[in-house]
Every structure is written in structure tokens, then in C-alpha cells.
Amino acid sequence: MRAMVYRGPYRIRVQEKDRPSIEHPNDAIVRVTRAAICGSDLHLYHGMMPDTRVGTTFGHEFIGVVDEVGPSVRNLRPDDRVMVPFNIFCGSCFYCARGLYSNCHNVNPNATAVGGIYGYSHTCGGYDGGQAEYVRVPFADVGPSIIPEWMADDDAVMLTDALATGYFGAQLGDIVEGDVVVVFGAGPVGLYAAKSAWLMGAGRVIVIDHLDYRLEKAASFAHAETYNFAEYDDIVVHLKKITDHLGADVAIDAVGAEADGNLLQHVTAAKLKLQGGSPVALNWAIDSVRKGGTISVMGAYGPMFSAVKFGDAMNKGLTLRTNQCPVKRQWPRLFEHIRNGYLKPSDIITHRIPLEHIAEAYHIFSAKLDGCIKPLIVPNTA
Amino acid sequence: MPYTPDKPPLARSSDQLRARIPGWGVDLDPKDRPSVPRERFDPEHTGAHWQFPERQPERQPRERSIEHKFLTPVFGTSCPPRGLSGVMRRYAYRTYSEGRAAHWLLLLAADRVDTAESTLRSLVTRRPDNPVTETGVRSEFSHHGLASRTRGRRADRVHHPLDPIVVAAPWLLAGGLVYAGVRRITRHRRG
Ligand SMILES: NC(=O)c1ccc[n+]([C@@H]2O[C@H](COP(=O)([O-])OP(=O)(O)OC[C@H]3O[C@@H](n4cnc5c(N)ncnc54)[C@H](O)[C@@H]3O)[C@@H](O)[C@H]2O)c1
Ligand SMILES: [Zn+2]
Ligand SMILES: [Zn+2]
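Residues numbered from 1 in each chain as written. Chains lettered and ligands numbered in written order. Predicted model: local features only at pLDDT ≥ 70, side-chain atom pairs only at ≥ 80, totals over all residues. Heavy atoms only, no water.

A. Expanded view of the domain arrangement of chain A. All names here are of chain A. When cut into domains, chain A gives domain 1 (2–161 + 326–378) and domain 2 (162–322). Once you take the C-alpha centre of each, domain 1 and domain 2 turn out to be 25 Å apart. Counting residues at the interface gives 33 residues for domain 1, matched by 27 residues for domain 2. For the pair domain 1 and domain 2, the two sides together bury roughly 2,600 Å², of which 67% comes from carbon and sulfur. Considering only the surface of domain 1 that becomes buried against domain 2, M48, I348 and I373 emerge as the three largest contributors, covering 24% of it. Viewed at the interface, domain 2 and domain 1 are joined by 15 residue pairs in polar contact (both at pLDDT 80 or more). When the residues that make up the side of domain 1 that touches domain 2 are grouped by side-chain class, the tally is 19 nonpolar, 7 polar and 7 charged. (Domains from an automatic or database assignment. Contact = heavy atoms within 4.5 Å. Buried area = accessible area lost by both parts, 1.4 Å probe. Polar contact = N/O pair within 3.5 Å; in protein donor to acceptor, adjacent residues only side chain to side chain. Nonpolar A, V, L, I, M, F, W, Y, C, P; charged D, E, K, R; others polar.)

Shown next as C-alpha cells:
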């Protein structure tokens, strides 16, 4: 089969690879019909995530058609159209039993701090991902769901990570009616988080980024008030000024490990790999939220230490809420929101690129060229 | 103002927002939010029909965190460790827990070694690594590279020049070493 393969930082190619096989009785093999590239993939692509091995296939956002099932699979059959959450999870461990699917303890031998994720390095379990023609899907009775008849494929693929994560991020903010919510990052996760904040009753939603074309999307898609941090000397002071010096009630970090806005932080993290991530947006969140406020961290950081301003978080009595999104838990409610027309996930898709040209897709998305917000990857066999 | 008791007033009331923004407030009640409360004990409805999953066969020794009691019943089998990077990775897993910086620094170092080893290995295959096609840099020309980078104020513009250096560094280093080696040999012959 054809699959994207990592060759080293900033380098990927498409090559022939063995088709995955059933390795466990509850595995399924899924033929991928659509995949996407996530901001998280960029952390791998830039060589920031420890134990990212040359030869690995990335991709944790994908949908497809069941091709083969293992002997113990009951809920799926060949030819079912399925959407697959980015989390790999067993459904029966201490964490899964409590709905914490992203924290499953039975799927990642390499680390106990993080669960299993498709195509997300050995630190997340050493699974190959879905930017390929076929992918192995463990725990087929637990993870995937059949795509409802009425749902468009483009919406379904957004539900496998970005939309669920943005919606989850807003929930971790514990928003109450009239809250002022500031979202750092106008990528897919930030856009969906901003949109979701309204569903939870926010009174004002502010989005911060430095890419004007993404801020324009935040205004049109998520009805947000937007500011380009590159135009301000100090965005924290600006946020204080526009909130009558109180600060926002809730801040959402939808940026993560490669945040810009402080060259030293960015270069030591993203280029030199001397810290787990560049916590610029997280530090801005800490400093711009009001005392007693809540910070929801959706941005991903590496497992090493990062230079976070913890003292301010402590002195301000902040609540820090974090996690990888337990995707499947979000689905029933998100399905309703899509059906009711409150959310139109595919609105943020900007590019549709054949698997054979995935190296270009990564470059475009990574360097933020051509107005790119969310690129889809389509295999030949789709 | 934080200096007085009341919250600053909002520009738009809830009713105005509800009228303008589709779905405003439909999840106002935390009971409608799927991840509230965070933990909800419900092992019957996950689809799992086991208490503990069957074990996937371990066909080759699988490295694991020493914070785990045993090898997890299911695991990924992509890219087993090999070469010098494999030795480093195995050592990092065997020796240090996830709490130790040495664990992660060794794994990161192994990643760099893996890239070098794999690039060298590719040179003796029918498909050597190609830094031009693999970086996707051709899209600079097909997808408005320059215009995208120069439009508006982008905070990342200052470090864009570092990207080609990160990519080219191993190649330049290797090229330099080969060049130095060849010169030495030719000089030696002449001398
Ligand atoms: N928790 C989860 O389950 C989960 C799931 C998906 C993605 N993520 C993480 O969420 C983050 C965002 O993902 P994405 O797909 O939207 O990525 P993305 O790269 O498209 O978006 C990140 C955005 O942040 C902007 N940005 C950079 N520095 C900033 C700063 N200091 N302040 C404000 N904005 C800044 C960038 O310009 C960009 O628009 C990533 O770190 C990703 O790994 C987490
Ligand atoms: Zn993701
Ligand atoms: Zn589990």
C-alpha cells in the first residue's frame, strides 16, 4: 500500500509499505477514505516529540471503510463506513471505565503519562497512523463508530479530533453565562473552541493569533472579536485594557508547543528542543486571565519541562484544566449540534491534497502558506 | 473594573447574543456538557466485552516504560528499534523513568541518530532520501510562498530562515566531511 513515512525533521515521503495486518483479535483494518493533518502532527514533523522514529506513518484524524475484522469483533463488519477517534483505548481499564478514554492505561507500553494515539510517535504507543491507504485500528468494538447516513465525510473527519478537541477545550473552561473567554490560537482547535464557547453561554469571545487570514476566519466562522498579537507591544496589557483591567474569566490555550511571540522561547523549544514546548501562549493565558480564573490547555506540549510561569498561576489562584480530548465522549452531543445547524465543521477546510503530494501539504500547513487552515489528505484508493 | 465590586458590563446581553449567534447557550446547563463531570463510572457502555483485554502476541521484545507493571495488552508494532539509535532507545527505556530528563534527552538524541543512520542507509537503496521532494519545498512556488510570508505582520517571520538550516545542516555536515576526506586523499597521493 501507499503510505506517508517520516524521514527526519521537516522530511516526509510517500512510499510502498506492507499493508497492516490483524495483530490482536479485536483489531480491524480500515481502508482510509479521508485523513487530515493536525497541528499536533507539526510537533512530530519538526522533530520535537521524543521517540519519533524514521519510517513511522503519521495521521490520527481519519475516516474510512472497514476492510477486515479480527475474530472477536462484534460491532463492525467489512464495508462499514467508520469514523475513528484519535485516541486508541481499551474500554475497560480504570480510566476508560470512568470515561477518560484519552488516558487509557492498556494501549501504550512506552509511557504511562499519555495514552495511545494513532501515528503519534512511540511515546504515544508506536502505532502507525491514517495518512496511508490502510490502517490498523485496535479495539474495533470500542473506538470507531459507524458514520451516520446524514453526515458528510468532511464533517466526520473533523469530528475525529479538531472539532471534538475545541468543544472539549471550551468545556474545560467551565464557562458560565456571560463569561469573557479569550482563545489563544486561531488554528482549527482554537476556531472550534471559540465557536463552542458561545454554545456554553459566553458573553464575549476574543481570539488572539498573528496570522491575519486566520483571525478573519475567527471573526466570520466563530463570531469572535480578534487581535493580532504582532501588532501590540504587549498583548497581555492590551487584553487587560479591553477588559476594564479585570482580565478574561476563562483562557483557552489552543497553540501548544511551538508558540510564537517570544523568540527565545520558540527557538529553545521548537528549534533546539531544549524544553518540552514553548509556553508563550500558556504564559499569556496565565497573565491575562483574571484572578480565580480558569485556563483550559488544549495545546500539546512535549514530555520534558517547559518554562511556565507557575508563580503567577499560583498567586492568582488559577484553575488549570488540561487533557488530550476523550473524543468519542463528545460525539453524541456534537452530532446533535451539527444536525441542528449550530456547527458546520467542514467550513474551516481550506485544502484537499492527494496522498502522493503529502510532503507539500505538510510544508504548506507548517509554514502557514496559501491561507491554509485545515488540509485534507485523500488517498488514491478512497 | 477590579477596583470596585461589580463585573464590567458586556456589550451585548444574553438575549441579543441568542438572537445573533446560532446555538448560543444550548450547552449552558453543565448537565448537557459531555465531559462534565470529568469522571463518570460507566464500564458497561464502552463496547468492551472483557474485564482485561486479550494479550497481543509479543513477536519481538517490546521496549516499555519502567513505570508500567507489565507490557500493555495492546501496543504498536511500527519501526522496532534498530542500529545505534535502537541501542540508545532500549537503554533509555530500560534505565530511566518518564520522570527523568535523561530518559527524554536520550530519546531525542536517538531520534537525531536515527535520522542520520536512515539517511545514510537510504543512499544504498534504490530510493535515496531526496531533501528537495521530501521537504515539500516546491509548494513555495505553487502555493504563494513569498506572498504568504510577507503579507501582514507575522511574528514567525524572524525565524523562518532557521528552517532550511535545520534541514540542510546534516547534509552540509556530511558533504563537508566527504569533501575534506577526498581532499586529504588527493593531497596525500600528490604529496
Ligand atoms: N488536547 C488535544 O486533544 C489536542 C488535539 C488536537 C490538537 N491539539 C493541540 O492543539 C494545538 C493547536 O492545534 P491546531 O491544529 O489548531 O494547530 P495550528 O498550528 O493550525 O494552530 C496554532 C495557531 O496558533 C497560532 N499561534 C502561535 N503562537 C501563538 C501565540 N503566542 N498566541 C496565539 N496564537 C499563536 C498560530 O499562528 C496558529 O494559527 C496544537 O498544539 C495541537 O498539538 C491538542
Ligand atoms: Zn490532533
Ligand atoms: Zn483503557
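Next comes the rest of the write-up.
B. Fine view of the interface of chain A and chain B. If you look at the interface, chain A gives 113 residues, while chain B gives 102 residues. Regarding the contact of chain A and chain B, the summed buried area is about 9,000 Å², with carbon and sulfur atoms giving 54% of it. Summed over the shared surface of chain A and chain B, the number is 13 salt bridges. The tally of links between chain A and chain B comes to 79 residue pairs in polar contact (both at pLDDT 80 or more). (Salt bridge = Lys/Arg side-chain N within 4 Å of Asp/Glu carboxyl O.)

C. Highlighting the packing of aromatic side chains. Residue and element names in this part refer to chain A. In this structure the tally under the stated criterion is 16 aromatic pairs over all chains. Through successive ring pairs, a cluster of aromatic residues spans Y6, Y10, Y45, F58 and Y362. Across from the ring centre of Y134, 4.6 Å away, lies the NZ or CZ of R19, which sits over that ring. Seen from the ring of F221, K195 lies directly overhead, with NZ or CZ sitting 5.0 Å from the centre. (Phe/Tyr/Trp six-rings, centres within 6.5 Å; stacked < 30°, edge-to-face > 60°. Lys NZ or Arg CZ within 6 Å of the ring centre and 35° of its normal.)

D. Seen up close, the layout of surface pockets. A volume near 740 Å³ is recorded for the second largest pocket. Taken together, 39 residues line the second largest pocket, and the ones lying closest to its centre are K17, G55 and D128 of chain A together with S78 and C79 of chain B. When contributions to the lining of the second largest pocket are tallied by element, the ones reaching two or more residues are β1 (2–8), β2 (11–16) and β8 (134–137) of chain A together with α2 (83–95) and α3 (101–122) of chain B. A total of 5 residues in the lining of the second largest pocket trace back to one element, the largest contributor, which is α3 of chain B. Its residues placed into classes, the lining of the second largest pocket shows 11 nonpolar, 13 polar and 15 charged. (1 Å grid on protein atoms, 1.4 Å probe; cavity = no way out; pocket = protein on both sides within 12 Å on 5 of 7 lines; lining within 4 Å. Points joined across faces, edges and corners; volume = space filled by probe spheres on them. Helix = DSSP H or I, 4+ residues; strand = E, 2+ residues; numbered from the N terminus.)

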